[in-house]
Amino acid sequence: MGKTFAEKALGKKAGKEVSRNDIVTIIPDFVMSHDNSAAISIIFKKLEVEKVYDPDMPVIILDHTVPAATVKYAENHKIIREFVKKQKIKNFYGMNRNGGICHQVLPEKGFALPGSLIVGSDSHTTTYGAFGAFSAGIGRSEAAVIWATGKIWLKVPESIKIIVTGKFPKGVSAKDLILYIIGKIGADGAIYNSVEFSGGTIKKMSIASRMVLTNMAAEMGAKNGYIAPDKKIFEFLKGRAVREYEPIYPDKDAEYANELEFDVSNLEPQIASPHTVDNVHPISELEGKPFNQALIGSCTNGRLEDLKAASEILRDKKVHKDVRVLIFPASYEVYLNAMANGYIKTLIEAGCVIMNPGCGPCLGAHEGVLAKGEVALSTTNRNFKGRMGSPESEIYLASPATVAASAIEGKFTDVRKNRC
Amino acid sequence: MQNKIIKGKIWILRDSSEKVIDDIDTDQIFHNRYLAITDINEMGKYTLDNLEGWNDFSQKVEPGDIVITGRNFGSGSSRQQAVDCFKSLKVNAIVAESFGAIYKRNAINSGFPILIWKEIKEMVESGKINDRDEIEINLETGSMKNITKDIACEMEPFSNVQMEIYEAGNIFKSE
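Since the structure is predicted, the reported quantities are computational estimates derived from the model, not experimental observations.

What counts, and where the lines are drawn
Residues numbered from 1 in each chain as written. Chains lettered and ligands numbered in written order. Predicted model: local features only at pLDDT ≥ 70, side-chain atom pairs only at ≥ 80, totals over all residues. Heavy atoms only, no water. Helix = DSSP H or I, 4+ residues; strand = E, 2+ residues; numbered from the N terminus. Contact = heavy atoms within 4.5 Å. Lys, Arg positive; Asp, Glu negative; His and termini not counted. Charge placed at Lys NZ, Arg CZ, Asp CG, Glu CD. Pairing = 2+ DSSP bridges. Axes fitted to C-alpha atoms, helices over the stretch in contact; angles between N-to-C directions. Buried < 20%, exposed > 50% of the residue type's maximum accessible area, 1.4 Å probe, protein only. Domains from an automatic or database assignment. Buried area = accessible area lost by both parts, 1.4 Å probe. Salt bridge = Lys/Arg side-chain N within 4 Å of Asp/Glu carboxyl O. Parallel < 35°, antiparallel > 145°, perpendicular 65-115°, else oblique. Left-handed = near helix turned anticlockwise from the far one by under 90°. Nonpolar A, V, L, I, M, F, W, Y, C, P; charged D, E, K, R; others polar. Phe/Tyr/Trp six-rings, centres within 6.5 Å; stacked < 30°, edge-to-face > 60°. Lys NZ or Arg CZ within 6 Å of the ring centre and 35° of its normal. Polar contact = N/O pair within 3.5 Å; in protein donor to acceptor, adjacent residues only side chain to side chain.

Peer 1: Hey, could you run me through the overall build of chain B in this one?
Peer 2: Per the secondary structure count, chain B includes eight helices and seven strands. Across its three principal axes, chain B shows a C-alpha extent of roughly 45 × 40 × 25 Å. Of all intrachain contacts in chain B linking residues separated by at least 6 positions in sequence, the fraction that spans at least 24 positions is 65%. With 21 positive and 29 negative side-chain charges, chain B shows a separation of 1 Å between the mean positions of the two kinds.

Peer 1: How do you make sense of the sheet that holds strand β8 (residues 159–165) of chain A when you look at a structure like this?
Peer 2: In a beta sheet, neighbouring strands pair by backbone hydrogen bonds and run either parallel or antiparallel. Residue and element names in this part refer to chain A. Pairing is parallel in the open sheet, where four strands are placed in the order β10-β9-β8-β11. The strands lining the two open edges of the sheet, one partner per strand, are β10 (224–227) and β11 (258–263). The sheet shows a mean angle of 20° between the axes of neighbouring strands, direction not considered. Against the sheet, helix α6 (residues 174–185) touches β8, β9 (194–198) and β11, its axis set at about 135° to β11.

Peer 1: Just checking my understanding: could you explain the pairing of strand β5 (residues 134–138) of chain B for this structure?
Peer 2: Residues and elements named next belong to chain B. Most of β5 is tucked away, with four of its five residues classed as buried. Alignment of strand β1 (residues 5–12) against β5, held across five bridges, turns out to be antiparallel. Each residue of the ladder has a partner; that of Ile 5, found in β5, is Asn 138. Where β5 lies against strand β6 (residues 143–146), three bridges are found, and the strand directions are antiparallel.

Peer 1: What is the right way to read the domain arrangement of chain A from this model?
Peer 2: All names here are of chain A. Structurally, chain A comprises domain 1 (5–261) and domain 2 (272–417). For domain 1 versus domain 2, the separation of C-alpha centres amounts to 24 Å. If you look at the interface, domain 1 gives 39 residues, while domain 2 gives 38 residues. Between domain 1 and domain 2, the buried area comes to about 2,900 Å², and carbon and sulfur atoms account for 57% of it. Looking only at domain 1, the three residues that lose the most surface to domain 2 are Ile 101, Lys 175 and Leu 179, adding up to 20% of its buried area. At the boundary of domain 1 and domain 2, one finds two salt bridges.

Peer 1: Got a minute to help me understand the packing of helix α4 (residues 81–88) of chain B against helix α5 (residues 101–109) of chain B in this structure?
Peer 2: Each pair of packed helices can be summarised by the angle the axes make with each other and by the distance between the axes. Residues and elements named next belong to chain B. At a closest axis distance of 9 Å, the pairing of α4 and α5 adopts a crossing angle of 45°. With respect to their mutual orientation, α4 and α5 come out oblique. Seen along the crossing, α4 lies across α5 with a hand that is right-handed. Of the residues in α5, those in contact with Ala 82, Val 83 and Phe 86 of α4 are Tyr 103, Asn 106 and Ala 107. Partitioning the contact of α4 with α5 into residue classes produces five nonpolar, one polar and no charged.

Peer 1: Would you take a moment to explain the packing of aromatic side chains for this structure?
Peer 2: Any pair of aromatic rings gets described here by the distance separating the centres and the angle formed by the planes. Under the criterion given, the structure shown has 24 aromatic pairs over all chains. Where Trp 11 of chain B meets Trp 54 of chain B, the ring centres are 6.3 Å apart and the plane angle is 85°; that geometry is what we call edge-to-face. Remark: Trp 54 of chain B occurs in the loop between α2 (40–43) and α3 (57–60) and Trp 11 of chain B occurs in strand β1; sequence separation between them is 43 residues. Assigned by exposure class, Trp 11 of chain B and Trp 54 of chain B land together as buried. Between Phe 73 of chain B and Tyr 103 of chain B, the ring centres sit 5.4 Å apart and the planes meet at 85°, which makes this aromatic pair edge-to-face. With a gap of 30 residues between them, Phe 73 of chain B in the loop between β2 (66–69) and α4 and Tyr 103 of chain B in helix α5 connect regions that are remote in the sequence. According to the relative accessible area criterion, Phe 73 of chain B is buried, its value standing at 0%. An aromatic cluster is defined as three or more aromatic residues linked by ring pairs; in this entry it consists of Trp 11, Trp 54, Phe 57, Phe 73, Phe 86, Phe 99 and Tyr 103 of chain B. The aromatic ring of Tyr 192 of chain A is capped on one face by Lys 104 of chain B, whose charged end is 4.1 Å from the ring centroid.

Peer 1: Can you help me understand the environment of Tyr 166 of chain B in this one?
Peer 2: All names here are of chain B. Relative to the elements of secondary structure, Tyr 166 occurs in helix α7 (residues 160–168). Using a relative accessible area of 5% as the deciding quantity, one classes Tyr 166 as buried. Taking the C-alpha atoms as reference points, Tyr 166 and Pro 113, 53 residues apart in sequence, are found 7.6 Å from one another. Leave out the neighbours within four places in its chain, and Tyr 166 touches Gln 2, Asn 3, Ile 6, Gly 111, Pro 113, Leu 139 and Phe 158.

Peer 1: Sorry, what's going on with helix α5 (residues 140–149) of chain A here?
Peer 2: In an α-helix, one turn spans 3.6 residues, which is why side chains three or four residues apart end up on the same side. Residue and element names in this part refer to chain A. Taking burial as the measure, the ten residues of α5 include nine buried ones, the bulk of the element. Among the residues of α5, Arg 140, Ser 141, Glu 142, Ala 143, Ala 144, Val 145, Ile 146, Trp 147 and Ala 148 are the ones counted as buried. One or two residues past the end of α5 sits Gly 150, with phi positive at roughly 80°.

Peer 1: Sorry if this is basic, but what is going on with the interface of chain A and chain B here?
Peer 2: Often the size quoted for an interface is simply the accessible area lost on bringing the parts together. Taken together, the contacts link 37 residues of chain A with 35 residues of chain B. Summed over the three residues of chain A that lose the most area to chain B, namely Trp 153, Tyr 192 and Lys 385 of chain A, the buried surface amounts to 23% of that side. Counting across the interface, chain A meets chain B through three salt bridges. Residues Arg 71 of chain B and Asp 188 of chain A are paired through a salt bridge, measuring 2.7 Å at the closest nitrogen-oxygen approach. Seen at the junction of chain A and chain B, the total is 15 residue pairs in polar contact (both at pLDDT 80 or more). Put simply, the parts of the chain that give the side of chain A that touches chain B at least two residues each are α5 and β7 (152–155) of chain A. For the side of chain A that touches chain B, the element with the highest residue contribution is α5 of chain A, accounting for five residues. For the side of chain A that touches chain B, the per-class residue count stands at 14 nonpolar, eleven polar and twelve charged.

Peer 1: How should the pattern of salt bridges be read in this particular structure?
Peer 2: Oppositely charged side chains are able to pair whenever their charged atoms sit close together. Scanning all chains against the criterion turns up 38 salt bridges over all chains. Between Asp 27 of chain B and Arg 387 of chain A there is a salt bridge whose closest N-O contact spans 3.7 Å. Residue Asp 27 of chain B is located in helix α1 (residues 26–29), and its partner Arg 387 of chain A is located in the loop between β17 (375–378) and β18 (394–397); the two belong to separate chains. Note on Arg 387 of chain A: relative accessible area 6%, which makes it buried. Across the pair Arg 416 of chain A and Asp 414 of chain A runs a salt bridge, and its minimum N-O distance is 2.8 Å. Classification of Asp 414 of chain A by relative accessible area gives buried; the value is 3%.

Take a look at the structure:
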């Protein structure tokens with residue numbers, strides 16, 4: 001019997017053949033952490049270890065609350081900056097030209113390598129599976145233990161194969177697909193599982209679109225997501241990869257706990273309604289709902305193609321007077337490219353507010369939180385009750401195209417009916 | 001040495017229609033507005049305060065209580081406060097039909113007992129367990145006794161790695 005990607009990737013790190021449900025102790029290639037590095041460093045100090053196991057293993061990116069929103073956040077950032085200096089951690093991306101959202105910066109800086117093993121103290125660490133890495137979210141205590149010892153225990157997950165075929169209708173994208181899938185299988189539909197996305201539609205997808213799928217694999221409970229790395233990935237990594245890499249592919253006769261097929265040919269734009277990501281409806285069921293705030297950005301949909309999709313819809317149009325639109329480019333690289341291509345100018349002229357790359361109000365910390373009774377339409381990945389501010393606000397999730405088209409009308413709109 | 005048999009009175013997390021709640025996410029357990037709190041002693045009072053019908057949980061829970069809930073408990077963020085807040089209240093264990101993947105790791109690594117019991121909804125609906133019943137769980141074998149109702153059943157026992165870390169106290173001590 002052949003092996004799945006997860007079995008091969010973890011087996012390679014463990015130095016032995018492993019199968020689903022085995023427990024392995026391995027040394028990851030990288031351990032990612034963000035603003036919670038302050039808490040991790042406090043735990044690290046309690047372990048009474050002088051130096052981090054390998055100063056090149058941690059990758060620390062400030063994104064959750066940058067610039068610091070309160071004195072407490074500022075103090076946390078200060079703790080991190082001092083820790084990074086003291087421990088000689090060179091993979092540190094603070095608030096500057098090299099920064100942005102962790103899940104965008106880490107691939108841009110060449111850490112998300114095919115066949116690599118990355119853990120991160122953030123639940124959307126699954127994103128790097130779009131590059132063929134085994135990447136999974138962990139907690140902060142274990143992140144501190146990895147800093148100290150270099151090791152982590154992992155259970156080899158079972159695997160689910162999702163095969164996607166067909167050509168996307170105009171105005172429908174990877175975000176609609178992943179929302180549709182989560183709506184079908186549920187918020188725990190892939191719990192503890194490694195999810196392998198494959199099929200002709202995935203092969204044709206841009207890297208940015210693939211990242212939408214692996215990012216939101218977390219929202220179906222997955223341990224990790226995976227897409228077979230191909231020429232697109234290898235090209236992207238040229239001049240970026242921080243070290244050599246060896247792709248890992250699942251065997252053709254690998255055994256899966258479940259195999260699911262989806263055809264996107266007739267897929268409608270999808271929206272996840274409050275307060276769970278699997279509460280998914282086609283736009284036709286929600287058209288016309290008024291809302292207060294639009295958000296385009298985040299680790300899910302803040303990449304160049306997302307800003308392009310939004311700017312094409314908003315070109316020479318105006319955002320509705322009752323709606324405010326926040327744009328969060330996923331990184332400064334994305335931001336600069338969006339400027340060079342004129343997307344930023346278009347978005348500003350249409351009435352959008354351009355924010356600094358970062359997580360913004362996605363997790364309710366700052367930069368545009370919601371008041372009681374307000375409704376947001378957002379390209380982010382979670383619509384949990386109160387996540388973006390008041391527990392009495394509502395979050396709906398959609399694609400950048402749906403959000404942009406809706407921002408013009410001031411109500412949920414089917415982008416396929418958009419005049420441009 | 002940690003006790004391998006735990007005992008406590010239960011709270012079943014049910015909604016207003018008496019159904020056991022699934023998919024309780026980390027924002028309902030420990031809302032993001034409290035994330036700046038780093039002292040575990042301060043965390044308890046915010047436990048479940050964003051879960052409809054349960055925002056008074058921290059006032060009614062007693063040390064040693066056991067929480068019973070549905071599928072995918074602790075889905076969402078990697079925040080460890082969502083485990084620590086229960087420790088802060090001296091909750092003895094959480095029993096669920098399944099747990100969010102990172103929540104499970106956080107609980108295991110901090111030596112906090114969590115158990116998987118796939119038949120929770122059946123047991124609740126048939127009245128075999130009820131709020132404030134006293135139960136006893138053998139973590140090693142998974143056997144459970146409802147002392148109040150004198151009923152015995154089986155849940156999934158601790159895994160080896162879970163027991164190893166639990167016995168050591170937490171992940172730091174097991175290293």
